[in-house]
Amino acid sequence: RGQSTGKGPPQSPVFEGVYNNSRMLHFLTAVVGSTCDVKVKNGTTYEGIFKTLSSKFELAVDAVHRKASEPAGGPRREDIVDTMVFKPSDVMLVHFRNVDFNYATK
């Protein structure tokens with residue numbers, strides 16, 4: 001027999017913002033560690049490794065650098081920022097590259 005604590009049935013966790021969308025959460029989990037391009041409102045595109053997303057849709061990207069229109073051997077070490085956080089009001093487009101959503105089922 002189980003003992004009753006008098007507190008009723010266990011409560012499910014309450015998720016906020018984008019975390020409340022299970023499909024979005026599944027997608028975001030699948031792309032952690034993927035290379036992504038983030039285009040911001042001023043037209044600049046940054047490239048980096050997707051780290052995480054806050055419930056308020058703030059993107060955290062690691063090893064970020066401004067993407068040059070004509071890549072010439074990659075970014076210089078001094079142009080790479082450890083982590084950048086992009087506010088949703090600044091982001092126009094996020095493109096994840098080389099993502100295979102069927103990998104787990106193959």
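Structure: above.
Computed from a predicted model, the values in this text were never measured in an experiment.

Mind showing me how you'd approach the nonpolar core here?
Side chains of a nonpolar character, in soluble globular proteins, are inclined to be buried together. Membership of the largest hydrophobic core comes to 15 residues, with the highest contact counts inside it found for Cys36, Val38, Phe50, Leu53, Leu59, Val61 and Phe86. For this core, the secondary structure elements donating two or more residues are helix H1 (22–31), strand S1 (35–40), strand S2 (45–53), strand S3 (59–66) and strand S5 (91–96). Ignoring any residue separated from it by four or fewer positions in sequence, one finds leucine 53 in contact with Val18, Tyr19, Leu28, Glu58 and Leu59.

What am I meant to see in the sheet that holds S5 here?
Working definition: the strands of a sheet are paired by backbone hydrogen bonds and lie parallel or antiparallel to each other. Taken together, the five strands give an open sheet; going across it, the order is S4-S3-S2-S1-S5, and neighbouring strands pair in antiparallel fashion. At either margin of the open sheet sits one strand with a lone partner, and together these are strand S4 (81–86) and S5. Pairwise comparison of adjacent strand axes, ignoring direction, gives a mean angle of 40° for this sheet. Summarising the sheet, S2 and S3 pair through six bridges and their orientation is antiparallel.

Sorry if this is basic, but what is going on with the packing of aromatic side chains here?
Both the distance between ring centres and the angle between the ring planes are used here to describe each pair of aromatic rings. This structure, assessed with the given rule, holds three aromatic pairs. Measuring from centroid to centroid gives 5.6 Å for tyrosine 46 and phenylalanine 86, while their planes differ by 50°, and the two rings are tilted. Here the residue tyrosine 46 occupies a position in strand S2, and phenylalanine 86 occupies one in strand S4, the gap between them amounting to 40 residues. With respect to class, tyrosine 46 is no different from phenylalanine 86; both count as buried. Put simply, the rings of Phe27, Phe50 and Phe96 touch in pairs and so form one group of aromatic residues.

Explain the side chain of aspartate 37 here, please?
Counting through the fold element by element, aspartate 37 comes out in strand S1. Judged by its relative accessible area of 10%, aspartate 37 is buried. A polar atom in the side chain of aspartate 37 sits 3.0 Å from the side chain of lysine 67. In this structure the side chain of aspartate 37 is engaged in a polar contact, spanning 3.0 Å, whose partner is the side chain of arginine 97. If sequence neighbours within four positions are ignored, aspartate 37 has contacts with Thr45, Tyr46, Glu47, Lys67, Leu93, Val94, His95 and Arg97.

Calculation criteria
- Residues numbered from 1 in each chain as written.
- Predicted model: local features only at pLDDT ≥ 70, side-chain atom pairs only at ≥ 80, totals over all residues.
- Heavy atoms only, no water.
- Core = buried A, V, L, I, M, F, W, Y, C linked by side-chain atoms within 4.5 Å.
- Buried < 20%, exposed > 50% of the residue type's maximum accessible area, 1.4 Å probe, protein only.
- Helix = DSSP H or I, 4+ residues; strand = E, 2+ residues; numbered from the N terminus.
- Contact = heavy atoms within 4.5 Å.
- Pairing = 2+ DSSP bridges.
- Axes fitted to C-alpha atoms, helices over the stretch in contact; angles between N-to-C directions.
- Phe/Tyr/Trp six-rings, centres within 6.5 Å; stacked < 30°, edge-to-face > 60°.
- Polar contact = N/O pair within 3.5 Å; in protein donor to acceptor, adjacent residues only side chain to side chain.

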